[in-house]
Amino acid sequence: MARRNWMPRSIPARAKFLEHLDQNLIHYKDDLNIKQDDLDLVHKCNLIYQYFVKNKKNMASFMKAFNSYFNELNEGKSGKNMSVLPKLSDFGLDPELVPSNIFGFISELRGILMRHGNYLEGIGLALMFYGAEINFKKDKYKPTIKVIVRGKKIKIITSVIDVKNHQIYLKIGKSKGYVIGERMGSATFEFELPINTKNVGIPISIMLIGVIHDKEIGDYSDSVEILYRSDGKPSY
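Residues numbered from 1 in each chain as written. Predicted model: local features only at pLDDT ≥ 70, side-chain atom pairs only at ≥ 80, totals over all residues. Heavy atoms only, no water.

*Asks:* Please explain the overall build of the protein chain as it appears in this structure.
*Replies:* Secondary structure summary: the protein chain contains 5 helices and 8 strands in total. Moving toward the C terminus, one meets the helices and strands of the protein chain in the order α-α-α-α-α-β-β-β-β-β-β-β-β. Based on the C-alpha atoms only, the size of the protein chain along its principal axes is roughly 75 × 40 × 40 Å. Sorting the 236 residues of the protein chain into buried and exposed places 39% on the buried side. Once local pairs closer than 6 in sequence are excluded, the contacts in the protein chain between residues at least 24 apart make up 68%. Accessible area for the protein chain stands at about 14,700 Å²; split by element, carbon and sulfur atoms hold 52% of it. Considering the protein chain, the positive charge centre built from 35 side chains and the negative charge centre built from 26 side chains are found 4 Å apart. (Helix = DSSP H or I, 4+ residues; strand = E, 2+ residues; numbered from the N terminus. Buried < 20%, exposed > 50% of the residue type's maximum accessible area, 1.4 Å probe, protein only. Contact = heavy atoms within 4.5 Å. Areas by Shrake-Rupley, 256 points an atom, 1.4 Å probe, with all protein chains shown as cover. Lys, Arg positive; Asp, Glu negative; His and termini not counted. Charge placed at Lys NZ, Arg CZ, Asp CG, Glu CD.)

*Asks:* Is there a simple way to explain the packing of aromatic side chains in this structure?
*Replies:* Remark: the centre distance and the inter-plane angle together describe each pair of aromatic rings, the angle taken between the planes. By the definition in use, this model includes 9 aromatic pairs. With 5.3 Å between their ring centres and 85° between their planes, Tyr49 and Phe103 make a pair best called edge-to-face. Highlighted residues: Tyr49 in helix H3 (residues 36-75) and Phe103 in helix H4 (residues 102-114), separated in sequence by 54 residues. Tyr49 sits in the buried class, given a relative accessible area of 17%. With a centroid separation of 5.6 Å and an interplanar angle of 45°, the aromatic rings of Phe62 and Phe66 are classed as tilted. Of this pair, Phe62 and Phe66 both sit in helix H3, 4 residues apart, roughly one helical turn. Judged by its relative accessible area of 18%, Phe62 falls in the buried class. An aromatic cluster of three or more residues is present, and its members are Trp6, Phe17 and Phe129. (Phe/Tyr/Trp six-rings, centres within 6.5 Å; stacked < 30°, edge-to-face > 60°.)

*Asks:* Any chance you could explain helix H1 (residues 11-24) here in plain terms?
*Replies:* Residue pairs three or four apart in sequence face the same way in an α-helix, which turns once every 3.6 residues. Between its terminal C-alpha atoms H1 stretches 20 Å, which fits the 20 Å expected from 14 residues at 1.5 Å a residue. Buried within H1 are the following residues: Arg14, Ala15, Phe17, Leu18, His20, Leu21, Asp22 and Asn24. Looking at the packing, one finds that the buried side of H1 touches H3, H4, helix H5 (121-126), strand S2 (153-157) and strand S5 (188-191). At the N-terminal end of H1, a side-chain oxygen is found 3.2 Å from the backbone nitrogen of Ala13, two or three residues along, and the residue is Ser10. (Expected span 1.5 Å × (residues − 1). Polar contact = N/O pair within 3.5 Å; in protein donor to acceptor, adjacent residues only side chain to side chain.)

*Asks:* Got a minute to help me understand the sheet that holds S2 in this structure?
*Replies:* Sheet strands pair by backbone hydrogen bonding; their relative direction is either parallel or antiparallel. One open sheet holds the 3 strands; their spatial order is S1-S2-S5, and the pairing between them is antiparallel. Every interior strand has two partners, whereas the edge strands, strand S1 (146-150) and S5, have only one. Direction aside, the axes of adjacent strands within the sheet are offset by 20° on average. As judged from the 5 bridges shared by S1 and S2, these two strands associate in the antiparallel manner. Counterpart to Val147 in the pairing with S2 is Ile156. (Pairing = 2+ DSSP bridges. Axes fitted to C-alpha atoms, helices over the stretch in contact; angles between N-to-C directions.)

Function cannot be read off these values alone, since they describe shape.
This is how it looks when you write it as structure tokens:
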């Protein structure tokens with residue numbers, strides 16, 4: 001299938017992509033033999049990019065207030081209270097420095113991971129390594145899904161490249177059918193189940209289906225089964 005360019009062009013989209021990669025690349029560390037140095041550099045790239053995006057907005061807000069104050073000072077309406085000077089907000093702690101062209105580094109890392117023997121398209125979709133599908137067909141859509149359990153928290157990772165929203169379906173314990181869970185509006189979603197497992201692990205099956213304009217579309221994802229304990233202790 002043909003897809004559009006994978007690399008985000010706008011600054012907000014790049015910031016969102018970097019944050020997503022930083023949060024989720026670690027889940028494929030063992031599958032793709034990702035070096036810890038690469039994970040660390042992705043994290044540093046995310047932090048410094050977020051720092052500049054945030055403070056670019058702060059600078060723009062400051063300049064707007066600064067110019068407004070100066071215009072009033074120069075020839076504004078007489079008698080207006082000018083007692084509060086515009087202040088540049090605190091930039092926060094300095095992030096660690098990284099080499100230039102961070103998205104060149106990300107592009108090279110993407111190529112290395114995509115050439116790994118264990119790489120699958122579903123991994124690339126989950127990591128936002130593809131652009132949106134050209135001539136997207138709703139009835140052919142099948143979500144990707146990865147599920148991670150840490151203590152009482154269940155984290156679901158999917159792709160939002162083609163479809164932004166997904167409905168979660170759950171089958172709990174010996175139940176014969178699935179019940180509707182919460183709806184995901186982003187590539188990752190973390191939640192707890194409001195059940196008491198009585199200090200034992202019970203099987204939970206999880207799957208997703210895409211949602212467009214409040215209507216479910218396409219096929220269900222593969223079903224992933226986990227063992228869940230409401231006390232957060234590991235299940236063996």
